[in-house]
Amino acid sequence: MHPANNPPRFATSLLHLFCPPHRAEELEGDLDELFQQRVREVGLRKARWRYVRDVASLLRPSLLRRDQAPRGKACLVSTTTTTFPKPTHTTMLRNNLKIAFRNLAKNRVYSFINIGGLAMGMAVAMLIGLWIYDELSFNQYHQNYERIARVMQHQTIRGETSTRENNPIPLGTMLRNEFKDDFTSVVMSTQTQNIIVAAGDKVFSQKGRYMQAEAPELLSLQMNYGTRNGLKELNSILLSETLANMLFGDVDPLNKLVRLDNEINVKVTGVYEDLPNNSEFKDVAFIAPWDLMLSSYDYIRDHKDDWNNNFLHIYTQIAPQTNFDAISAKIKDLKLAHVDKEYAERKPTLFLQPMRNWHLYSTYTNGVIATSEALRYVWIYGIIGVFVLLLACINFMNLNTARSAKRAREVGIRKAVGSMRSQLISQFFTESLLTVALAFISSLVLVLLSLPWFNNVADKQIAILWSTPFFWLVSIVIVVLTGLLSGSYPALYLSSFKPIRVLKGVVLIGRLASMPRKVLVVIQFSVSTILIIGAIVVYRQIQYAKDRPVGYSRENLLVFRKSVPDLEEKGKSDILKAEFLKTGVVADMAESSSRVTDISAMNGGFDWPGRDPGFQTNFGTLGVSHDYGKTIGWQFIKGRDFSKELASDSAGFIVNEAAVKEMGLKRHPIGETITWDTEFDGSQKFKIIGVVKDMVMLSPFEPIKPTIFFLQGYKGYIFVKLKPTVTTHQALATLETAFKKIVPDAPFDYKFVDDEYSRKFASEERIGKLAGFFAILAILISCLGLFGLASFVAEQRTKEIGVRKVLGASVANVWLLLSKDFVWLVLIAFCIATPTTVYFLSNWLQKYAYHIELSWWIFAVAGISALLLALLTVSFQSVKAALMNPVRSLRSE
């Protein structure tokens, strides 16, 4: 009906304002029918005037009473009121649920699409929610979480401020002795390090720490055996539950003897519960006394009063009456007052970093807290979870709205027999909430099935929080909100139909009625396309970094720690090398102070000709053996390798390209004299004898660090290059036999350099896998909704298709007719997704110094993929409708 041919809207509104709802709709129908008759007889203008007069005549007190029908000539329809018992809320709810179940059973395909789509969306949202909960609850296992902190320091070099957690021993001593009113405990600790732990004939390389006696209380360790006072004895050790089982099985481990590094005998005084995966100390398999380390290692003991030697971590628990900022202000200049003049130029500033910030707010840029990688992922995954759930809700709204014409007669009949709009809204919301509840139950099953895979990819140990009230509270809120959100539009839209028009078949939906559905489909495919592009870009970035030239050969290269700390002093290092070479499976062998995939030491104090006096920088420094370069296969640009024949090479440097550039010695670096002033060895002069290509030793996504290689210093790692003609299995077995012959009490704990390098991509690969997983689910949910929508459109246009086929339309014509509208929607979605993705992915890539450029083909692949999937989904229903026999669709005409 054209809007110009409608009765005056103000008169209709007036009728609804004064009339009871159950009478207003009936009267409006009668008035509307009379109005249409008068339009034909006396014209539109007079019909409108008489409609206003009729409405005015109905506004009398008798009509306003709800307990009896209107009387008199003014009432156009005589009604008889029948009194029914007032239904209770329980009765209505039971009736609504019964109708909802019947509708779900009657429309199985649409019910499956709705429940399946919502279940997938809710499963994704639940997995992401559990992951975010795990991230936000990091370190909350420790009972004093809100008052624990670690001592950090800012240092400024060349105008740039760096932040680190390493501190000198005398600082910890001063905090313990002079700030007792501010701290309830101060604990000095080494970093987590690999140490050989042995009991009887069982030997393992495990990660542990030397910590002061208050550590178990500070970390609130849950003791399975012994007490938290176990570290007060000098030769004692606390073991994790897993390590205790590895060493002693089911036997009570208390007072059992354990050897550390095959040198130090200690007694087990306690076993603590394994720390959870979301704890900073999750890798700590044992804790040994701090005083034991001081008494066992001369190097540490000799520098316990040295303020310039930063190697330990200091953990504190502040007193109840103070706060972190106040104590940070007190201690900020403690180190500056005790270091030498050269170190003081770095302006070391101390502060406390609360434990609640260790995970999500641990990144500092130029001395200021910056958005960390972990926090960025919390936001990214949280937004993805909301959008995927929104996609599932869109499916529900689209299908229910599209099927409104089929349910229009139901609405009309229910209104005609007395149902009010509020009751219809209640019915539709009940159906929506029931669907969401069934989807929630299905999503729990999906989460249970997918958790093992998700934990493996996300490197987590999360589980459904069955016993946590917060989980169920959030779940109920999500179910209710999702039900209300996904059911709001259908409920409000369907309940607004006028019964008289519906029952006459006059449900004129207008050209814009399908616009909301089209908008929602565009939103769905926009989000799906964004996720597809994101997954492709992450994958490309990882491959780009993996293909980056590394400057050395990782193939058949092994690395392992010198398992016995005094291996060098006992002269076994050369014996071991000779034994390895004698096996016939080793091509080359060398030693280094650091893994080739890491730089364990960064040092300053370098001077060279032409250096600006104000120029300060740190170089990576690696002590290596003569055969290091030959073993790892580094590539020379200028100069030569170290030679055993030249004693002068002990004062020689080999530097990488980044170091030459940093020092400004591009033209003639060979032969230049570098002075290195160290605290322990004083000032020494070295000559550059060679320049090698940059090697990727740290992050493959970041610029190469300036690095210097030299022959001095302790070398804690052994590199072995296997012969390519020998199988890996045979070579490892032969090497282990040789190793046990020389060092029988130590485990042959080796790593492949190739594997260690691959671990550098673990975080990005994790993002890529999860992004791909979410992209697949998003496009699946979108296609599921599109399938249902295309099925409805084909069903709605069955007779039109039949007529077209009778008139000669081909299958291709019908397919094009039904598919073209959806194709346009996908193309519009692609146009929206492209600039949005360019903006966000460009910002994400900028954090990598070594990254890809966004190429046009990435967007083309994503757009074509989304289009093909949409076409495939729609085509199934389109071709099915096109192949239908027109006789069947037209036989009722």
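Residues numbered from 1 in each chain as written. Predicted model: local features only at pLDDT ≥ 70, side-chain atom pairs only at ≥ 80, totals over all residues. Heavy atoms only, no water.

### A look at the overall build of the chain
Line of reasoning, step 1. Tallying secondary structure elements over the chain gives 29 helices and 26 strands in all.
Line of reasoning, step 2. For the chain, the proportion of its 893 residues judged to be buried stands at 49%.
Line of reasoning, step 3. Considering only contacts in the chain between residues 6 or more positions apart, those separated by 24 or more positions represent 78%.
Line of reasoning, step 4. Of the roughly 43,200 Å² of accessible surface on the chain, 57% is carried by carbon and sulfur atoms. (Helix = DSSP H or I, 4+ residues; strand = E, 2+ residues; numbered from the N terminus. Buried < 20%, exposed > 50% of the residue type's maximum accessible area, 1.4 Å probe, protein only. Contact = heavy atoms within 4.5 Å. Areas by Shrake-Rupley, 256 points an atom, 1.4 Å probe, with all protein chains shown as cover.)

### Some remarks on the nonpolar core
Line of reasoning, step 1. One finds Tyr 381, Phe 525, Tyr 628, Trp 634 and Phe 709 to be the most contacted residues of the largest nonpolar core, which totals 111 residues.
Line of reasoning, step 2. Considering each element in turn, this core owes the most residues, 16 residues, to helix 6 (residues 108–136).
Line of reasoning, step 3. Beyond its immediate sequence surroundings of up to four residues, Tyr 381 is in contact with Ile 128, Trp 131, Arg 766, Ile 767, Leu 770 and Phe 774.
Line of reasoning, step 4. Listed in part, the 47 residues of the second largest apolar core include Ile 195, Ala 244, Ala 285 and Trp 307. (Core = buried A, V, L, I, M, F, W, Y, C linked by side-chain atoms within 4.5 Å.)

### Observations regarding the sheet that holds strand 15 (residues 557–561)
Line of reasoning, step 1. As summarised here, the arrangement of the 4 strands in space is 16-25-15-26, forming an open sheet in which the pairing is antiparallel. On the outer flanks of this sheet lie strand 16 (586–592) and strand 26 (750–752), each paired with one strand and no other. With strand direction ignored, the average angle separating the axes of adjacent strands in the sheet is 25 degrees.
Line of reasoning, step 2. As defined by bridge partners, strand 15 adjoins strand 26 across 3 bridges and the pair is classed as antiparallel. Looking across to strand 26, one finds that Leu 558 is bridged to Phe 752.
Line of reasoning, step 3. Running over the sheet, helix 20 (residues 572–582) touches strand 15, strand 16 and strand 25 (717–722) and is turned about 160 degrees from strand 16. (Pairing = 2+ DSSP bridges. Axes fitted to C-alpha atoms, helices over the stretch in contact; angles between N-to-C directions.)

### What to know about the confidence of the model for the chain
Line of reasoning, step 1. Confidence in the prediction of the chain, expressed as mean pLDDT, is 82, and 89% of residues score 70 or more.
Line of reasoning, step 2. Counting contacts from residues 65–82, a segment whose pLDDT is below 50, to residues more than four positions away or on other chains yields 24 contacts. (pLDDT = per-residue confidence, 0-100.)

### Brief notes about the pairing of strand 7 (residues 236–240)
Line of reasoning, step 1. Burial of strand 7 is extensive: 5 of the 5 residues sit out of reach of the surface.
Line of reasoning, step 2. Of the two faces of strand 7, the one lined by Ser 236, Leu 238 and Ser 240 and the one lined by Ile 237 and Leu 239 are each fully buried.
Line of reasoning, step 3. Where strand 7 lies against strand 9 (residues 264–272), 5 bridges are found, and the strand directions are parallel. In the strand pairing of strand 9, Ser 236 is matched with Lys 267.
Line of reasoning, step 4. Pairing between strand 7 and strand 10 (residues 286–289): 2 bridges, direction antiparallel. Following the sheet pairing, Leu 239 is matched in strand 10 by Phe 286.

### Considering the environment of Ala 778
Line of reasoning, step 1. Among the structural elements, Ala 778 can be located in helix 25 (residues 762–796).
Line of reasoning, step 2. Residue class for Ala 778 comes out buried when judged on its relative accessible area of 0%.
Line of reasoning, step 3. Apart from residues lying up to four places away in sequence, Ala 778 is in contact with Leu 391, Ser 528 and Leu 531.

### Focus on the side chain of Ser 592
Line of reasoning, step 1. Structurally, the position occupied by Ser 592 is in strand 16.
Line of reasoning, step 2. A distance of 2.9 Å separates a polar side-chain atom of Ser 592 from the backbone oxygen of Ser 594.
Line of reasoning, step 3. Apart from residues lying up to four places away in sequence, Ser 592 is in contact with Leu 622, Gly 623, Val 624, Tyr 628, Lys 715, Gly 716, Tyr 717 and Phe 719. (Polar contact = N/O pair within 3.5 Å; in protein donor to acceptor, adjacent residues only side chain to side chain.)

### Overview of the pairing of strand 15
Line of reasoning, step 1. The buried fraction of strand 15 is high, at 4 of 5 residues.
Line of reasoning, step 2. As judged from the 5 bridges shared by strand 15 and strand 25, these two strands associate in the antiparallel manner. Paired with Arg 561 across the bridge in strand 25 is Tyr 717.

### Describing helix 6
Because each turn of an α-helix spans 3.6 residues, side chains separated by three or four positions end up pointing in the same direction.
Line of reasoning, step 1. In a regular helix each residue adds 1.5 Å, so 29 residues correspond to 42 Å; helix 6 covers 41 Å between its end C-alpha atoms and thus fits that length.
Line of reasoning, step 2. Within helix 6, 22 of the 29 residues are buried, leaving the element largely enclosed by the surrounding structure. (Expected span 1.5 Å × (residues − 1).)

### Notes on a negative patch on the surface
Line of reasoning, step 1. Taken together, the side chains of Asp 340, Glu 342, Glu 345 and Asp 677 define an acidic patch exposed on the protein surface.
Line of reasoning, step 2. Residue placement: Asp 677 occurs in strand 22 (residues 673–678).
Line of reasoning, step 3. A relative accessible area of 41% places Asp 677 in the partly exposed class. (Patch = residues over 30% accessible without salt bridge, like charges linked within 9 Å, V, L, I, M, F, W, Y side chains within 5 Å. Salt bridge = Lys/Arg side-chain N within 4 Å of Asp/Glu carboxyl O. Lys, Arg positive; Asp, Glu negative; His and termini not counted. Charge placed at Lys NZ, Arg CZ, Asp CG, Glu CD.)

### Details of the packing of aromatic side chains
Line of reasoning, step 1. Across all of its chains, the model carries 37 aromatic pairs by this definition.
Line of reasoning, step 2. Judged by centre distance (5.8 Å) and plane angle (80 degrees), the ring pair of Tyr 628 and Phe 719 falls under edge-to-face. Note that Tyr 628 is positioned in helix 21 (residues 628–632) and Phe 719 in strand 25, a separation of 91 residues in sequence. Note on accessibility: Tyr 628 and Phe 719 belong to one class, buried.
Line of reasoning, step 3. Aromatic side chains Phe 701 and Tyr 848 sit 4.7 Å apart centroid to centroid with 45 degrees between the ring planes, which places their arrangement in the tilted category. (Phe/Tyr/Trp six-rings, centres within 6.5 Å; stacked < 30°, edge-to-face > 60°.)

### Focus: a nonpolar patch on the surface
Line of reasoning, step 1. Taken together, the side chains of Tyr 133, Phe 470, Val 474 and Ile 478 define a hydrophobic patch exposed on the protein surface, amounting to about 330 Å² of accessible area.
Line of reasoning, step 2. Counting residues per element, the nonpolar patch draws most heavily on helix 17 (residues 469–494), which supplies 3 residues.
Line of reasoning, step 3. You can see Val 474 is positioned in helix 17.
Line of reasoning, step 4. A relative accessible area of 31% means that Val 474 is categorised as partly exposed.

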